[in-house]
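Descriptive analysis of the structure
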Amino acid sequence: MRNSVDDSGVDDSVDDGPDAAPEPGPQAGPQGSADGSTDGSTDGSTDGSGLGRLAATVERLRRELAASRRAADDRALIELAKGVLVERLRCGPAQAAEQLATLAQRSGVPQVELAADVVNQAARDRISQAAQAEPEVSVPLRAAESAALGATDTQVVACSLLEHALPPLGATAVAVWAAGPDASLSLAGYAGFGPEEARGWQHVPPGVATTAGRSLAERRTIWHADGALPSIGRHRAAPGGRVTAPMVAGGRMLGVLELCWPRALPEAPPRIERQIEALAELCAHTLAAPPAPPGRPARALRELADLADTLPDPALVLRAHLDERGTPADFRVQHVNRRLAGAPALEAYPFKAGGLLLEAFPLAAGGLFGRIEHVHATGEPFRSERMPLALSVTGVADVGITRHGDGVLLVWRDHDEDARMAGLLEHAQRLGRIGGFEESAVTGEITWNAQLYSLYGLPPGEPPVPLERLRDHAHPDDEVTVGRFLRTVLHHRRIAAAAFRLRRPDGMARHMRVVAEPVFGPDGRLMAVRGAYQDISSQHWTEVALSVTRDQLAHTEQQSAERNRLALQLQHAIMPPSHGTVNAADLHIAVRYRPAQKDHLVGGDWYDVVGLPSQRILLAVGDVAGHGVEAATGMVVLRNALRGLAATGAGPARLLEWLNTVAHHMAGRMTATAVCGLYDPASRVMSWARAGHLPPILLREDGGSELPMLKGPLLGAFTDAAYEEGRLQLRAEDTLLLYTDGLIERRDHNLRHAQDRLLTIATRTATTLDHRLDDLLIHCNSDTDDDTCLIGVQLH
């Protein structure tokens, strides 16, 4: 058994279980029980009855220790009540004890409860308010207070809260966070959490969102029910409730008290909130610094006053003036520094040592007071540029507020608009790499700003270079340009500008632009020459790079135009006429080819109609992926390859398999679509196959339909590809249409919609096959500007 409170904050005087070893003591023999008797065993083993006695002993000692602690806390509370009675009744301690016992006997309540009531009536603090709303919490809260006042550190206070104050509330864990001046949090004490969990939460840096950090920032009690913010033990207590309350003493935010419940809580129960605020006030006193020795506060304020007197700006040393609730009602002026003592602001606002801020300066209530109060409460410094401030001569000032112990230092600097504009101008000149100069024609004095020294590569303090000696620092190739500039400014006395290369003492050459203008007096006499230099080296090299890029782009465009022209010539050289008509056997065949309107979109659409040695007729259309010379070259390869392969007498499916091998092994692995058909005049049967291409359309009598979507992948997509072959028995007056997707593709519709529209247009009445194909080219309004192939086959 352990009879102390360890660093976990949990009372360790608990039953360690039946397997725990008893602590040796003066009553235990070498191998005996607590009464010194032996159980007869020779090896020191303990039977079941011995373990039971040990467990009972541990439990009894635990209860005795808890009772001893409660009795000690009760005695402390009773002694506190005796002290109150001694002061109120003007009697001795013995009479006060007798009076307390008599009152308890007459009222029929325990003496400790009566003692708590006596203290509550005398204290009139938050614990008294909580006890007035709920009397049964009076004793636990006062007991926790007694234990806290006698504690040596915050960890003991947290354990006392867990033992006395949290059980009536139903809370199971507590964490006491100490606030740093930078809004960071440190775990000062905890109870109900394990040591491993606490070690991971020893310090929370500023800006990290936590439950306690939110209360610190908003300076109010917050009920956390959503579990969104992390905190100590959050993963275990997530289903329950959690409350954080700021700990304030003397108007200063010292930390945050965090309580945890194993269950969800209703939204801000008033009785619990009053008790939590009372506990937060109690913990705040434990975090507050110990009382300073006599004279120490005055000495610290005198040191702060001495610091304020060394500042070149007006400053006030303030100290919080607290009301009866312990919150700052105002701030008392402790010192007015020497810079402010003679300032005009003191005439309008009579600050004097010992006076109140709001009495001397009522306008502070408009926002300045709130910022001072925040700095005093949190210790977080406040700084603002160009803040409206009536204390300032200009009405606008840079303000700084800092806390030093119990004092607050308020400093402000009048905002000079001219100085601000000069600073902005200097900043702009630095960013734009601009340096200014002025040469007096009367005195000969030359003035440069710091940026111009930097542009010239000269250290500040070196004699400036006169404008008339600019040739000595310019590149020899720019002497003519610089000479023309100097004549215009110095002789003709007109404004002028020039671009030249400046040679610096470090050997670097910078591209500069100089502008200068004469300044004349009222009588027309030349008074000065003013101007500026600008480093335009980056702009110069950017222009050079752009010029090179433009030349490269023009060359690339010329090469592209040549390639497109070559592709177009190649396409025109090998494709049959765009309005060709062929009569073979009992077939009337018409073809149409519409090239892309833009040269760079020259594509790989192709078609072919050729009679074979077997008396069959080859009909084919295809589309090679891409545009330009590569697509046109691929089209030539596939078209010629198909012609040669068709002479073998193989069927369409086999021809496409061979053509796939050709496409797959070409450089760049070209891909393409195609439809291949072989018409036999003897049987009027056309066998056909497709490779990823749209199927042909059959027009028969007054209707039309697409041929089946036979299986067949793109040409060149796979090493080994199989193609399905179909057979179509044609009749007299049947018309077959083979086309590429450039005929129907639109960006605003899917392909199925375009195919349906094509079928509708194709079934219109036409007098001849040629008219039908022309009608399709006109009314199939594709918008992709792709080239198009169309073959019409009509059976007589």
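Notes on the structure in this doc start here. (Residues numbered from 1 in each chain as written. Predicted model: local features only at pLDDT ≥ 70, side-chain atom pairs only at ≥ 80, totals over all residues. Heavy atoms only, no water.)

1. Quick look at the sheet that holds strand E10 (residues 396-404)
As a reminder of what qualifies: Two strands qualify as a pair provided DSSP detects at least 2 bridges between them. The helix and strand labels rest on DSSP assignments: H or I over at least four residues marks a helix, E over at least two residues marks a strand, and numbering proceeds from the N terminus. The axes used here are C-alpha line fits, helices contributing only the stretch in contact, and every angle between their N-to-C directions lies in the interval 0 to 180 degrees.
Read across the open sheet, the 5 strands follow the order E8-E7-E11-E10-E9; overall the sheet is antiparallel. The strands lining the two open edges of the sheet, one partner per strand, are strand E8 (328-336) and strand E9 (382-388). Strand after strand, the sheet turns through a mean of 25° between neighbouring axes, direction not considered.

2. Regarding the packing of helix H20 (residues 629-646) against helix H21 (residues 652-664)
How we decide: If an angle is under 35 degrees, it is roughly parallel; if it is over 145, roughly antiparallel; if it lies from 65 to 115, roughly perpendicular; otherwise it is oblique. Here is the rule for handedness: rotate from the far helix to the near one, and if that takes an anticlockwise turn smaller than a right angle the crossing is left-handed, while a clockwise turn gives right-handed. By the convention used here, residues are in contact when the closest approach between their heavy atoms is within 4.5 Å.
The interhelical angle for the contact between H20 and H21, taken along N-to-C directions, is 140°, at an axis separation of 10 Å. Taken together, the axes of H20 and H21 lie oblique to each other. Helix-helix and strand crossings are classified by hand; for H20 and H21 the assignment is right-handed. Of the residues in H21, those touching H20 at Val637, Leu638, Ala641, Leu642, Leu645 and Ala646 are Leu655, Trp658, Leu659, Val662 and Ala663.

3. Points about the sheet that holds strand E2 (residues 185-191)
If you walk across this open sheet you meet the 6 strands as E3-E2-E1-E6-E5-E4, and the pairing is antiparallel. Here the strands that pair on one side only, and so sit at the sheet edges, are strand E3 (203-204) and strand E4 (222-224). Where strand E1 (residues 173-179) and E2 come together, 6 bridges link them in antiparallel fashion. Note that in E2 the partner of valine 174 across the bridge is alanine 191.

4. Some thoughts on the environment of alanine 497
As a reminder, the rule being used: Think of it in three bands: with a 1.4 Å probe and only protein chains considered, a residue is buried below 20% of the maximum accessible area for its type, exposed above 50%, and partly exposed in between.
Locating alanine 497 in the fold gives a position in strand E14 (residues 496-503). Overall, alanine 497 belongs to the partly exposed group, its relative accessible area being 40%. Distance in space between the C-alpha atoms of alanine 497 and alanine 516 is 6.6 Å, their sequence separation being 19 residues. Setting aside chain neighbours within four positions, we find alanine 497 in contact with Phe485, Arg513, Val514 and Val515.

5. Concerning the pattern of salt bridges
Convention followed: Take a side-chain nitrogen of Lys or Arg and a carboxyl oxygen of Asp or Glu: if they are within 4 Å of each other, that pair is a salt bridge.
Under the defined criterion, the tally for this structure stands at 24 salt bridges. For arginine 338, the salt bridge is made with aspartate 309, and the minimal N-O distance between the two is 4.0 Å. Here arginine 338 is found in helix H12 (residues 338-341), whereas its partner aspartate 309 is found in helix H11 (residues 296-309), with 29 residues between them in sequence. A relative accessible area of 67% means that arginine 338 is categorised as exposed. For aspartate 309, a relative accessible area of 18% corresponds to the buried category. Note that arginine 752 is salt-bridged to glutamate 706, the shortest N-O span being 3.7 Å. Highlighted residues: arginine 752 in helix H22 (residues 751-762) and glutamate 706 in strand E24 (residues 703-706), separated in sequence by 46 residues.

6. Thoughts on the side chain of threonine 735
By secondary structure assignment, the location of threonine 735 is in strand E26 (residues 735-739). Residue contacts for threonine 735: discarding those within four places in its chain leaves Ile697, Leu698, Leu699, Leu769, Val793 and Gln794.

7. Topic: a nonpolar patch on the surface
Applicable threshold: Put simply, a patch holds well-exposed residues, over 30% relative accessible area, that have no salt bridge, with like charges counted together within 9 Å and Val, Leu, Ile, Met, Phe, Trp or Tyr side chains within 5 Å. In these tables, accessible area is a Shrake-Rupley quantity obtained with a 1.4 Å probe, and a residue counts as shielded only by the protein chains included in the view.
Together, Trp541, Val544 and Val548 make up a nonpolar patch on the protein surface, roughly 280 Å² of accessible area in all. Inspection of the secondary structure assignment puts tryptophan 541 in helix H19 (residues 537-574).

8. A look at the environment of leucine 363
Summarising the element assignment, leucine 363 is placed in the loop between helix H14 (357-360) and helix H15 (368-378). Expressed as a C-alpha distance, the spacing of leucine 363 and alanine 390, which sit 27 residues apart in the sequence, is 7.6 Å. Apart from residues no more than four positions distant in its own chain, leucine 363 is found in contact with Tyr349 and Ala390.

9. Here we look at the pairing of E10
Here 5 bridges tie E9 to E10, and the two strands are oriented antiparallel to one another. Note that in E10 the partner of serine 384 across the bridge is valine 399. Pairing of E10 with strand E11 (residues 407-414), which is carried by 8 bridges, proceeds in the antiparallel orientation. Considered in E11, the bridge of glycine 400 is made with valine 411. Connecting E10 to the next strand, E11, in antiparallel fashion are 2 residues, including glycine 405 with a positive phi near 65°.

10. A look at the pairing of strand E27 (residues 788-795)
With respect to burial, E27 is a largely interior element, 7 of its 8 residues being buried. Bridge count for strand E18 (residues 587-594) against E27 is 8 bridges, and the pairing is antiparallel. Its bridge partner being in E27, histidine 588 is matched across the sheet by glutamine 794. Note: E26 against E27, 5 bridges, orientation antiparallel. In the strand pairing of E27, leucine 736 is matched with valine 793.

11. Examining the packing of aromatic side chains
Stated precisely, the cut-off is as follows: Side-chain rings of Phe, Tyr and Trp, where Trp is taken by its six-membered ring, are said to pair if the distance between their centres is within 6.5 Å; with planes under 30 degrees apart they count as stacked, over 60 as edge-to-face, and otherwise as tilted.
All chains considered together, the criterion is met by 6 aromatic pairs. Here the aromatic rings of phenylalanine 331 and phenylalanine 369 are separated by 5.5 Å at their centres, their planes lie at 65°, and the arrangement is edge-to-face. Taken together, the residues span a long stretch of sequence, with phenylalanine 331 in strand E8 and phenylalanine 369 in helix H15 at a distance of 38 residues. Like phenylalanine 331, the residue phenylalanine 369 is buried in the burial classification. Their ring planes at 50° and their centres at 5.5 Å tell us that phenylalanine 437 and tyrosine 533 sit as a pair that is tilted. Of this pair, phenylalanine 437 sits in strand E12 (residues 434-440) while tyrosine 533 sits in strand E16 (residues 526-535), and the two are 96 residues apart along the sequence.

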